[in-house]
Amino acid sequence: MTDQPHILLVDDERDIRDPLAAFLDKNGVRVTKADTAAVAREIVAVHAIDLVLLDIMMPGEDGLSLARWLRATSEIPVILLTAKTEELDRIVGLEIGADDYVTKPFSPRELLARIKAVLRRTQGGGAGEVRAPDAQGFGFGGWILRTGERELVDGEGVAVPLSTGEYNLLHAFVTHPRRVLTRDQLLDLSAGRELAAFERSIDNHISRLRRKVEADPADPKLIKTIWGGGYMLAAEVRRI
């Protein structure tokens, strides 16, 4: 892990995608590439992404549809890559929550400056932290994880203290319920670049979380071990 921002570049044109990714990499930006919206969704689900560079015009699901999904499910900032003829699409993109746009053909240096400016405006929490923008918390198994206060409360409203690592790990679970997450995925989703929050292993954090949320930590019903796979939050999650 490094302190580099992790950018997802979504563009179906290899002649644009590969040189741009190489330029950003040389300038201190970690880049993961996707050539379709479907691939981009899979990447966002398992990686801590700090910002998405998104081409509007793509075959299949277009960039505007993917931007709507990103805004509905996360607070990951989005910069649209558009052609000069796509003025209406740019306006729609900004209306649905894109943070900026750059018109093709563009200067890579200008784009890098836009990326840095958007990250300065938007980064306040953990790297690539996926959150529900209109939700104050997530309810699961009789518990509520309050994202504003970054605290866990029981059914009677009594707060249970969480370390930064425990909060980030639990947040990864409630934003990916009933999905098997490997240890590497949990590190990426919950720690991002902030390894200091994970001085101990994922397994130790899971054990500590179970002591706080499980009726019987020795027989966990909420955070289950999937042998050979990782861990899964088995409870239904609702946004509050």
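In the block above lies the structure referred to throughout.
Residues numbered from 1 in each chain as written. Predicted model: local features only at pLDDT ≥ 70, side-chain atom pairs only at ≥ 80, totals over all residues. Heavy atoms only, no water.

> Looking at this model, I keep getting lost on the nonpolar core. Mind explaining?
In globular proteins that are soluble, nonpolar side chains generally tend to be buried together. Counting residues in hydrophobic clusters, the biggest one holds 25 residues, and the most contacted among them are Phe140, Leu145, Leu152, Phe173, Leu186, Leu222 and Ile223. Within the residue set of this core, elements represented by two or more residues are strand 6 (137-140), strand 7 (143-146), helix 6 (164-174), helix 7 (183-191), helix 8 (202-213) and strand 11 (230-233). The leading source of residues in this core is helix 6, at 6 residues. If you look at the next biggest cluster of nonpolar residues, it comprises 20 residues, including Ala34, Val52, Leu54 and Met58. (Core = buried A, V, L, I, M, F, W, Y, C linked by side-chain atoms within 4.5 Å. Buried < 20%, exposed > 50% of the residue type's maximum accessible area, 1.4 Å probe, protein only. Helix = DSSP H or I, 4+ residues; strand = E, 2+ residues; numbered from the N terminus.)

> Before we go on, may I ask you to explain the packing of helix 6 against helix 8 in this structure?
The angle between the axes and the distance between the axes are what describe a pair of packed helices. At a minimum axis distance of 10 Å, the contact between helix 6 and helix 8 shows a crossing angle of 85 degrees. Relative to helix 8, the element helix 6 is oriented roughly perpendicular. Between helix 6 and helix 8, the contacting residues are Gly165, Glu166, Leu169, Leu170 and Phe173 on the first element and Ile202, His205, Ile206, Arg208, Leu209 and Lys212 on the second. (Axes fitted to C-alpha atoms, helices over the stretch in contact; angles between N-to-C directions. Parallel < 35°, antiparallel > 145°, perpendicular 65-115°, else oblique. Contact = heavy atoms within 4.5 Å.)

> Help me understand unusual backbone geometry, please; the structure alone is not making it clear to me.
Most peptide bonds take the trans form, and the phi angle of most residues other than glycine is negative. In this chain, Lys104 is followed by Pro105 through a cis amide linkage whose omega measures -10 degrees. Along the chain, Pro105 turns up in the loop between strand 5 (100-104) and helix 5 (108-122). With phi around 55 degrees, Arg150 is a residue other than glycine that occupies positive phi space. Position of Arg150 relative to the elements: it lies in the loop between strand 7 and strand 8 (151-153). For Arg150, a relative accessible area of 35% translates into the label partly exposed. At Arg178, a position not held by glycine, the phi torsion is positive, near 55 degrees. With respect to the secondary-structure elements, Arg178 resides in the loop between helix 6 and helix 7. Residue classification places Arg178 among the exposed residues on the basis of a relative accessible area of 56%.

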